[in-house]
Structures are given as structure tokens and as C-alpha cells.
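# Tertiary structure, described
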Amino acid sequence: MESHRYSVGETVRFVKASQSGGIGGTPGGNFRVVSRLPNYEGSNQYRVQSITDGHERVVTEGEIALQGSA
């Protein structure tokens with residue numbers, strides 16, 4: 001199991017659609033990492049919060065990237 005790539009407080013963005021099939025599709029905008037969550041089915045997870053509206057969601061490491069990275 002690899003360690004988490006992102007730290008609490010970092011700003012990230014979505015790079016691929018969620019597998020959860022949530023209403024409204026993939027959200028836009030920037031999100032702040034609120035906490036690191038345990039590994040689930042081989043993927044590190046994070047709780048992130050929208051900088052725009054404060055909404056929180058759980059994402060996997062493969063769904064996000066640091067804001068400003070390609």
C-alpha cells in the first residue's frame with residue numbers, strides 16, 4: 001500500500017469522473033483536501049471540500065490532481 005500523495009490543506013481539481021455515478025456528473029472548480037481516508041480496494045481516498053460552495057465529498061486518488069498541474 002502506497003502512502004497518500006496529497007496532504008491536508010492542498011488544493012486539487014477533478015481529472016476524471018467519479019465511479020459513484022453521483023447526480024450532476026463531475027463537479028468543476030477547486031477542492032481543498034480536508035482529510036486523508038483509509039485505503040479502499042487498493043486506492044487511497046480523501047475527503048475534499050469545494051472552495052466555491054463548501055460541499056464535501058469522498059474521492060479516490062486517481063480522480064484528482066494538484067491544481068495547476070497538467
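Preceding this section is the structure that the text describes.
Residue positions are counted from 1 within each chain, in the order its sequence is given. With the structure being a predicted model, the display of local features is reserved for residues of pLDDT at least 70 and the display and counting of side-chain atom pairs for 80 or more, all residues being used for whole-chain, interface and lining totals. Only hydrogens and water are removed before side-chain values are computed, so all heavy atoms of the structure are retained for them.

Another aspect to go through is the overall build of the protein. The helix and strand labels rest on DSSP assignments: H or I over at least four residues marks a helix, E over at least two residues marks a strand, and numbering proceeds from the N terminus. The helix and strand tally for the protein stands at zero helices and five strands. Taking as baseline every contact in the protein between residues at least 6 positions apart, the subset at least 24 positions apart corresponds to 47%. As displayed, the protein has an accessible area near 4500 Å², and 48% of this comes from carbon and sulfur atoms. Only heavy atoms enter the contact rule, under which two residues are in contact if any of them lie within 4.5 Å. Only the protein chains shown count as cover for residues, and the accessible areas themselves come from Shrake-Rupley with a 1.4 Å probe.

Right, let's talk about unusual backbone geometry for a bit. Phi is positive for Glu41, close to 50 degrees, though the residue is something other than glycine. Structurally, the position occupied by Glu41 is in the loop between β2 (31-40) and β3 (43-50). Exposure classes here rest on a 1.4 Å probe applied to the protein chains alone. A residue is buried below 20% of its type maximum, exposed above 50%, and partly exposed in between. Classification of Glu41 as exposed rests on a relative accessible area of 70%.

The subject of this paragraph is the nonpolar core. Tyr6, Val12, Phe14, Phe31, Val33, Tyr46, Val48, Val59, Ile64 and Ala65 form the largest nonpolar core, which has ten residues in total. Only β1 (11-14), β2, β3 and β5 (64-66) provide two or more residues apiece to this core. We define a nonpolar core as any set of buried Ala, Val, Leu, Ile, Met, Phe, Trp, Tyr and Cys residues linked to one another through side-chain atoms lying within 4.5 Å.

Two strands make a pair as long as DSSP finds a minimum of two bridges between them. Across two bridges, the pairing between β1 and β2 is antiparallel. When the sheet's bridge partners are listed, Val12 is paired in β2 with Phe31. As defined by bridge partners, β2 adjoins β3 across seven bridges and the pair is classed as antiparallel. Paired with Arg32 across the two strands is Gln49, which belongs to β3. Adjacent in sequence and paired antiparallel, β2 and β3 are bridged by two residues, among which Glu41 carries a positive phi angle near 50 degrees.

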